[in-house]
Amino acid sequence: MSATIPGSESARRPVASGERADGRRGTTPTLNVVRALLRKELLVELRTLESVPGMSLFAVTTFVVFHFALNRNSIDGDLAAGVLWVTLLFAAMLGVNRLFVADADQGGFDGFLLAPVERSAMLIAKLLALLVYLVVLELVAVPAFLLLLAPSSDHALCSLIGVLALGDVGIAAIGTLVAALAVRTRARDLLGPLLALPLLVPIVIGGARASSPLLVLGHAGSPAARWLLTLGLYDLVFGLIAYALFDFLLED
Amino acid sequence: MQIEQGLAESPAVPRRGGGDVAESRDAEAVRAVVELDRLVRRYGEREALSSVSLSLQERQTLVVFGPNGAGKTTLLRVLATLLRPHSGRVEVLGESIPERAWAVRGRIGLLGHEPLLYRELSARENLRFHARLHDVSRERVEQLLAAVQIDRRADEPIRTLSRGMVQRVAVARAVLHDPELLLLDEPHSNLDPAATELVEPLIGAASGRTRVICSHDPGGGLAEADLVLGLREGHPALLAPARDVDAATVTELYR
Amino acid sequence: MYGKGLRALSISTVVVIAIALALVFFWVPLEAEQGFLQKIFYVHVPLAIVALCGFIAGGIFAIQHLRTREAKWDFRSYVAIHMSLIFGVATLITGSIWAKGSWGHWWVWDEPTLVSFLIVFLLYATYQPLRFAIEDPERQSRYASVFAITAGAFVPLNFIAVRASTAYVHPRVLGATSNLPWQMSLTFLVSLLGMALLFTTLCKYELTAKHTRAQLRALRRLAERRTGTAETAVPRRGRSAAPSLHATAMSANAQHHAAEPGGARTGLR
């Protein structure tokens with residue numbers, strides 16, 4: 001049985017994607033690569049539960065701490081927006097720290113670099129994974145926040161979700177870039193947040209200012225367009241920058 | 001003395017099992033799978049590889065000897081396109097590295113010290129992941145799992161397998177995409193004699209692939225070699241066809 | 001390569017700064033509201049502008065480094081960012097002094113320039129620790145360049161965001177350069193020029209000094225290789241955050257010849 005394996009031409013059978021006429025495989029289509037990476041990423045996370053439960057628990061605990069630190073039963077407006085965004089940001093840092101650790105420690109970079117693939121596929125896949133983690137985090141944290149700290153505010157949930165989504169993209173883009181930067185350095189857990197937090201200040205500004213009218217007592221307003229624009233512009237610029245620079249971080 | 005002589009000769013190697021020198025010169029003109037000309041790779045101020053030149057023909061085996069830190073792994077990683085050469089010319093499978101590295105990645109297989117497998121995923125999941133990256137079919141994954149005899153434990157996480165089993169799965173990963181060039185870093189470490197025999201058709205001489213092997217075993221390594229390279233602190237201290245090298249010469253490298 | 005023009009640059013720097021100082025202290029009229037303290041404006045704002053340009057220049061040099069992989073670009077990027085960080089600290093200090101003098105507080109959140117400077121400073125303060133945390137020199141340069149480019153793009157974006165969010169409680173004299181009487185504008189421009197020259201001169205000094213040291217090391221290494229004696233032995237460099245201008249900065253010939261000696265003896269081509 002085993003003797004029939006090596007070098008057999010049948011091994012080169014193509015999968016769904018086309019094979020070139022000369023029988024040699026070209027580069028694997030990026031969409032498939034991203035799918036494979038994302039799948040692997042989520043599978044590992046499901047098995048180890050390293051990131052998401054920690055992030056969510058951290059956020060809820062932080063809300064409790066804020067209750068005692070601020071000595072208030074409920075907050076609204078600017079204060080509420082601030083507490084929410086800062087907590088989400090710090091929880092996100094936990095996820096950012098763990099994003100590339102499995103790959104760095106278990107040879108995931110080499111395995112990927114040896115494959116005939118477009119290298120930015122890893123950026124896209126990791127960014128999407130981090131986005132998924134952030135969304136799950138918010139699914140836990142936002143209701144917890146509204147329950148614990150902002151029960152009386154008339155929250156415009158849909159708009160809030162929109163603002164959070166815009167912010168998440170920026171956090172994911174910078175988070176992925178910084179995570180890749182920090183993971184193969186000596187002080188990897190420290191450098192990640194240290195680099196990411198100043199870079200994410202515009203997100204905090206845009207996100208908090210945009211959310212604050214949504215969390216007021218009584219009638220909720222709508223977010224000012226300029227903040228949504230700030231968030232959008234940030235997402236675009238740093239999304240592109242991350243895409244352009246990521247490959248350089250993967251090389252040895 | 002033997003070493004100097006080896007260096008003075010041109011690295012053209014006649015095929016194993018005979019053929020005269022003139023014939024081999026023609027073969028050389030056909031296709032060198034690996035062609036290095038004064039390759040230099042630095043690490044800061046130090047030269048990890050200093051001016052390494054050689055030419056390896058199709059289906060031949062180059063065995064690299066040398067003490068730890070001599071640059072063997074660096075050489076392997078340059079050939080695998082994981083490291084860029086700092087100067088000199090590198091051609092793998094006819095393509096110039098690093099400019100055309102993307103064109104040869106799918107045709108090279110690397111088996112290094114790390115198995116490159118995710119510990120929380122099973123052997124099957126790991127291999128399927130790599131199969132998707134290389135655009136290789138699922139059947140091939142199953143074939144290889146059977147070939148290295150992991151199929152019964154293919155669904156358990158890698159961290160529960162013994163080192164020998166992990167190495168077997170790593171071998172499967174390395175040859176999953178049926179590479180033309182195999183780069184092996186001490187491939188038989190962690191493998192018992194039975195397992196070594198098992199993976200022989202995949203990564204051994206019988207596999208018909210061109211191979212570059214880093215080895216610490218003079219006897220075993222020489223037996224497999226067509227061409228021998230000895231590295232000492234990045235310098236090519238020895239480069240000769242295997243028939244001109246004996247175990248004693250190799251051992252001298254380690255002094 | 002690096003040293004030429006240094007003397008001319010230094011002299012012009014000293015001259016322009018001297019002129020600027022003279023203008024500031026003896027010629028330009030006092031500003032009505034703030035009096036003598038306002039003169040800090042001629043130091044503080046040029047510092048800020050030059051530092052910001054320096055950070056962006058660091059990003060541009062980093063782009064060149066990633067494109068060409070030559071160590072010299074990483075070098076320039078490092079020196080530019082390094083120097084801008086120093087100028088940045090000076091900006092914060094002078095800004096703080098002015099705030100204290102004008103509004104009684106050592107720090108104000110109402111000046112968007114000052115605030116965005118603080119953020120930019122906090123970001124770039126991680127540049128050196130980042131470099132120090134990576135041992136492989138080539139990877140260090142590459143990662144530093146990625147950082148420099150990201151941070152360089154961040155600077156204008158951050159400025160816009162902070163400006164949009166700051167309430168203008170106090171009149172922003174810092175930014176109101178357009179409404180100044182001509183004497184003040186002239187003095188300001190002269191100061192700006194002086195500051196820019198100072199920055200460039202200091203950078204050039206640092207680049208030249210490091211480059212000379214690197215050449216010296218390379219020569220000593222060459223000597224060590226040929227003679228192999230203990231006297232010429234080159235001490236190993238410890239871990240460092242500064243980029244090493246190793247042989248790539250030297251002419252390709254020097255490197256090539258360095259590799260020859262062993263080969264020539266044994267007949268290897």
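These numbers were taken from a predicted model, which means no experiment stands behind them. (Residues numbered from 1 in each chain as written. Chains lettered and ligands numbered in written order. Predicted model: local features only at pLDDT ≥ 70, side-chain atom pairs only at ≥ 80, totals over all residues.)

It is worth spelling out the overall build of chain B at this point. Looking only at helices and strands, one finds 10 helices and 10 strands in chain B. For chain B, the proportion of its 255 residues judged to be buried stands at 53%. In chain B, 68% of the contacts between residues at least 6 apart in sequence involve partners at least 24 apart. (Helix = DSSP H or I, 4+ residues; strand = E, 2+ residues; numbered from the N terminus. Buried ≥ 20, exposed ≤ 12 C-beta atoms within 10 Å, placed from the backbone. Contact = placed C-beta atoms within 7 Å.)

Turning our attention to the overall build of chain C. Counting secondary structure elements, chain C contains eight helices and zero strands. Ordering the α and β elements of chain C from the N terminus gives α-α-α-α-α-α-α-α. A total of 269 residues make up chain C; the buried ones form 36% of that total. Partitioning the intrachain contacts of chain C with sequence separation of at least 6 by distance along the chain shows that 80% fall at a separation of at least 24.

Our next topic: the interface of chain B and chain A. Counting residues at the interface gives 36 residues for chain B, matched by 35 residues for chain A. Counting only elements with at least two residues in the side of chain B that touches chain A, the list comes to α5 (123–134), α6 (138–147) and α8 (193–203) of chain B. Looking at the side of chain B that touches chain A, the element that brings in the most residues is α5(B), giving six residues. For the side of chain B that touches chain A, a count of residues per class yields 19 nonpolar, seven polar and 10 charged. (Nonpolar A, V, L, I, M, F, W, Y, C, P; charged D, E, K, R; others polar.)

Glancing now at the sheet that holds strand β3 (residues 61–65) of chain B. Residue and element names in this part refer to chain B. Across the sheet, six strands lie side by side as β6-β7-β8-β3-β9-β10; this open sheet has mixed pairing. The sheet is open, and its two edges are formed by β6 (108–111) and β10 (235–241), each paired on a single side. Each strand of the sheet is rotated relative to its neighbour by a mean of 15°, with strand direction disregarded. Bridge analysis of β3 against strand β8 (residues 210–214) gives four bridges, and the strand direction is parallel. Within β8, the residue paired with Val64 across the bridge is Cys214. In this fold helix α3 (residues 72–79) packs onto β3, β7 (181–185), β8 and β9 (227–232), with an angle of close to 155° to the strand it touches most, β8. (Pairing = 2+ DSSP bridges. Axes fitted to C-alpha atoms, helices over the stretch in contact; angles between N-to-C directions.)

Time to look at the confidence of the model for chain C. All names here are of chain C. On average, chain C scores 80 in pLDDT, and the residues at 70 or more come to 80%. When mean pLDDT is taken per element in chain C, helix α5 (residues 127–132) scores highest with 94 and helix α8 (residues 252–266) scores lowest with 40. Low confidence marks residues 247–269, where pLDDT is under 50. Its contacts with residues over four positions away, or in another chain, come to 27 contacts. Here the prediction assigns the complex a pTM of 0.85, and the interface score ipTM is 0.85. (pLDDT = per-residue confidence, 0-100.)

Quick look at the nonpolar core now. Formed by 216 residues in total, the largest nonpolar core has its most connected members in Leu181(A), Val64(B), Val171(B), Leu183(B) and Val228(B). A total of 16 residues in this core trace back to one element, the largest contributor, which is helix α7 (residues 157–183) of chain A. The residues touching Val228(B), leaving out its near neighbours within four places in the chain, are Val63(B), Phe65(B), Leu222(B), Leu238(B), Ala240(B), Ala242(B) and Val245(B). (Core = buried A, V, L, I, M, F, W, Y, C linked by C-beta atoms within 7 Å.)

Moving on, we get to the packing of α7(A) against helix α10 (residues 225–250) of chain A. Residues and elements named next belong to chain A. Contact geometry for α7 and α10: axes closest at 8 Å, N-to-C directions at 25°. For the element pair α7 / α10, the angle class is roughly parallel. Here α7 and α10 pass one another in a crossing that is left-handed. Taken together, the residues of α10 that come into contact with α7 (itself represented by Leu166, Gly167, Val169, Gly170, Ala173, Ile174, Thr176, Leu177, Ala180 and Leu181) are Leu228, Leu231, Gly232, Tyr234, Asp235, Phe238, Gly239, Ala242, Leu245, Phe246 and Leu249. Looking at the contact of α7 with α10 residue by residue, the class counts come to 15 nonpolar, five polar and one charged. (Parallel < 35°, antiparallel > 145°, perpendicular 65-115°, else oblique. Left-handed = near helix turned anticlockwise from the far one by under 90°.)

Much of the literature gives interface size as the accessible area that the parts lose upon coming together. With 23 residues of chain C at the contact, the number on the chain A side is 23 residues. Within the residue set of the side of chain C that touches chain A, elements represented by two or more residues are α4 (112–124), α5 and α6 (137–165) of chain C. Tallying contributions element by element places α6(C) first for the side of chain C that touches chain A, with 14 residues. When grouped by side-chain class, the residues that make up the side of chain C that touches chain A number 18 nonpolar, four polar and one charged.

Before going further, it helps to spend a moment on the sheet that holds strand β5 (residues 95–97) of chain B. Residues and elements named next belong to chain B. Taking strand neighbours across the sheet as the criterion, the four strands line up as β2-β1-β4-β5 in an open arrangement whose pairing is antiparallel. Each edge of the open sheet carries a strand with a single partner, namely β2 (46–57) and β5. Strand-to-strand twist of the sheet, defined as the mean angle between neighbouring strand axes without regard to direction, takes the value 25°. Pairing of strand β1 (residues 32–43) with strand β4 (residues 87–92), which is carried by five bridges, proceeds in the antiparallel orientation. Across the sheet, the residue bridging to Asp37 is Arg89, located in β4.

α6(C) packs onto helix α9 (residues 201–211) of chain A with a crossing angle of 30° between their chain directions and a minimal axis gap of 9 Å. Regarding the angle of α9(A) to α6(C), the classification is roughly parallel. Between α9(A) and α6(C) the crossing geometry is left-handed. Counting all contacts with α9(A), which are made through Val201(A), Pro202(A), Ile205(A), Gly206(A) and Arg209(A), the residues of α6(C) involved are Leu157(C), Asn158(C), Ala161(C), Val162(C) and Ser165(C). Residue classes in the contact of α9(A) with α6(C) are distributed as six nonpolar, three polar and one charged.

This paragraph deals with the pairing of β4(B). In the case of a regular strand, side chains alternate between the two sheet surfaces. Residues and elements named next belong to chain B. Looking at chain direction, β4 and β5 are connected through three bridges and run antiparallel. Across the sheet, Glu91 pairs through a bridge with Ser96, a residue of β5. The turn joining β4 and β5, which pair antiparallel and follow one another in sequence, is formed by two residues; a positive phi near 50° is taken by Leu93.

Summarising the element assignment, Val190(C) is placed in helix α7 (residues 182–227). With 166 residues separating them along the chain, Val190(C) and Val24(C) place their C-alpha atoms 9.6 Å apart.

Mapped onto the elements, Glu91(B) comes out in strand β4. Dropping the residues within four chain positions of it, Glu91(B) is found in contact with Glu35(B), Ser96(B) and Ile97(B).

Residues and elements named next belong to chain B. Between Ile97 and the following residue, Pro98, the backbone shows a cis peptide bond with an omega angle of 5°. Topologically, Pro98 is positioned in the loop between β5 and α4 (101–104). Backbone geometry places Thr81, a non-glycine residue, at a positive phi of 70°. Secondary-structure assignment places Thr81 in the loop between α3 and β4.

Turning to the pairing of β7(B), a few remarks are in order. Residues and elements named next belong to chain B. For β7, a buried count of five out of five residues is recorded, marking the element as mostly surrounded by other parts of the structure. The alternating pattern of β7 places Leu181, Leu183 and Asp185 on one face and Leu182 and Leu184 on the opposite face, and all of these are buried. Summarising the sheet, β7 and β8 pair through five bridges and their orientation is parallel. In the sheet register, Leu182 faces β8, and the bridge partner there is Arg211. The β-α-β motif built from β7, the intervening α8 and the parallel element β8 has right-handed crossover chirality. (Right-handed = clockwise from strand over helix to strand, strands pointing away.)

Low-pLDDT stretches of the model should not have their predicted coordinates read in fine detail. Residues and elements named next belong to chain B. Residues at a pLDDT of 70 or more form 88% of chain B, whose mean pLDDT is 85. Looking across chain B, the model is least confident in helix α1 (residues 2–8), with a mean pLDDT of 42, and most confident in α5, with 95. Note that pLDDT drops below 50 for residues 1–20; the model gives that stretch 37 contacts with residues more than four away or on any other chain.

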